[in-house]
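# A structural walkthrough
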Amino acid sequence: MGRLPNSLPQDPDAEIISFGPNFLVGLSRFDPTVEIVDEEIGQDWLKFHFQLRGTVSYTVPGQSPLAVDDLTCVAALHGQGIVKKSFVAPRPGFAVTVLCRPEMLRERFGIHLADMPGPLSRYLEQGEPTWYAETGKMTPEMVMSVRALEAMSFRGAMRNAYVEARGVELLCEFWSQISRGEHRPTRPSMSARCPRWSGRATISTPISGNRWPCRSWPGMSARTRPSCPRRFAPSSA
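This section reports on the structure supplied with the text. (Residues numbered from 1 in each chain as written. Predicted model: local features only at pLDDT ≥ 70, side-chain atom pairs only at ≥ 80, totals over all residues. Heavy atoms only, no water.)

Right, let's talk about the nonpolar core for a bit. By size, the foremost hydrophobic cluster in this structure holds 37 residues, and its most contacted members are Phe23, Phe48, Phe50 and Val96. The greatest single-element share of this core, amounting to seven residues, is contributed by helix H4 (residues 156-179). Residues within four places of Phe50 in sequence aside, it is in contact with Thr72, Cys73, Phe94, Ala95, Val96, Val98, Met138, Met142, Val146, Leu170 and Phe174. (Core = buried A, V, L, I, M, F, W, Y, C linked by side-chain atoms within 4.5 Å. Buried < 20%, exposed > 50% of the residue type's maximum accessible area, 1.4 Å probe, protein only. Helix = DSSP H or I, 4+ residues; strand = E, 2+ residues; numbered from the N terminus. Contact = heavy atoms within 4.5 Å.)

Pasting the structure below:
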């Protein structure tokens, strides 16, 4: 599997729990006093991120910035070698991130290629690194699950079992929104809106491995903490 992904820019206050080589759940509590800048190199993880509180902005070369605020969820495929920067605003927050290998959608959840958004099915068929993201507002079911994870008091094996169950529940709830077409973009880099989901969706085309080569990665991330606060104003996509 390689290194665990640093998919939670809110570190060091994040906990990543592994449930085998293909499924992880991250719990992140953060309250930075200044903006945090984090850089991550893609490792072909599919990520379902649920931002209960807090503000994070993501940038990928060649793509419009993606802003994630209170009660926002994101599904993203972060292809091998693609560089993503995260900017965490100086305000309290809590988020849950469910990570899985894209092939798990077929192997564990029985989702067919024909039922997947185009970029995901093409990735599984062709294996080309790509950046793909869809965002929307969290449903009441998602909010309930994330709040339950924030408030849980379980320990040991029971805690791990609870986190895994809630992680699967969140993934299934997000996927049910996509499969019902309640939040699927019809064109790349276009805003997709519907009565229940009012977020923005961005899809990219496959990126050649020669454009952003995967360089050696001595650490989990490259993070800079400014010496003085800067105003956080994420650009709209």
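Time to look at the pattern of salt bridges. Inspection of every chain in the model, using the stated rule, returns eight salt bridges. Asp69 is the salt-bridge partner of Arg91, the closest N and O atoms lying 3.1 Å from each other. Of the two residues, Arg91 sits in the loop between strand E8 (83-88) and strand E9 (93-100) while Asp69 sits in the loop between strand E6 (66-68) and strand E7 (72-78), which places them 22 residues apart along the sequence. For Asp69, a relative accessible area of 34% corresponds to the partly exposed category. With its nearest N and O atoms 2.8 Å apart, the salt bridge here joins Glu169 to Arg166. Of this pair, Glu169 and Arg166 are both found in helix H4, three residues apart, which corresponds to roughly one turn of the helix. (Salt bridge = Lys/Arg side-chain N within 4 Å of Asp/Glu carboxyl O.)

Here the focus is the side chain of Thr72. Mapped onto the elements, Thr72 comes out in strand E7. For Thr72, a relative accessible area of 8% corresponds to the buried category. Within the structure, Thr72 has its side chain in polar contact with the backbone oxygen of Asp69 (distance 3.1 Å). If sequence neighbours within four positions are ignored, Thr72 has contacts with His49, Phe50, Gln51, Gly136, Lys137 and Met138. (Polar contact = N/O pair within 3.5 Å; in protein donor to acceptor, adjacent residues only side chain to side chain.)

Attention now moves to the side chain of Arg159. As for its placement among the helices and strands, Arg159 is situated in helix H4. Classification of Arg159 as buried rests on a relative accessible area of 19%. The contact partners of Arg159, leaving out residues within four places of it in the chain, are Glu15, Ile17, Leu27, Met152 and Phe154.

With that out of the way, let us pick up the environment of Arg101. Among the secondary structure elements, Arg101 is positioned in the loop between E9 and helix H1 (104-107). Note on Arg101: relative accessible area 10%, which makes it buried. In sequence terms Arg101 and Leu24 are 77 residues apart; their C-alpha atoms lie 9.4 Å from each other. Here Asp44 takes part through its backbone oxygen, which lies 3.4 Å from a polar atom of the side chain of Arg101.

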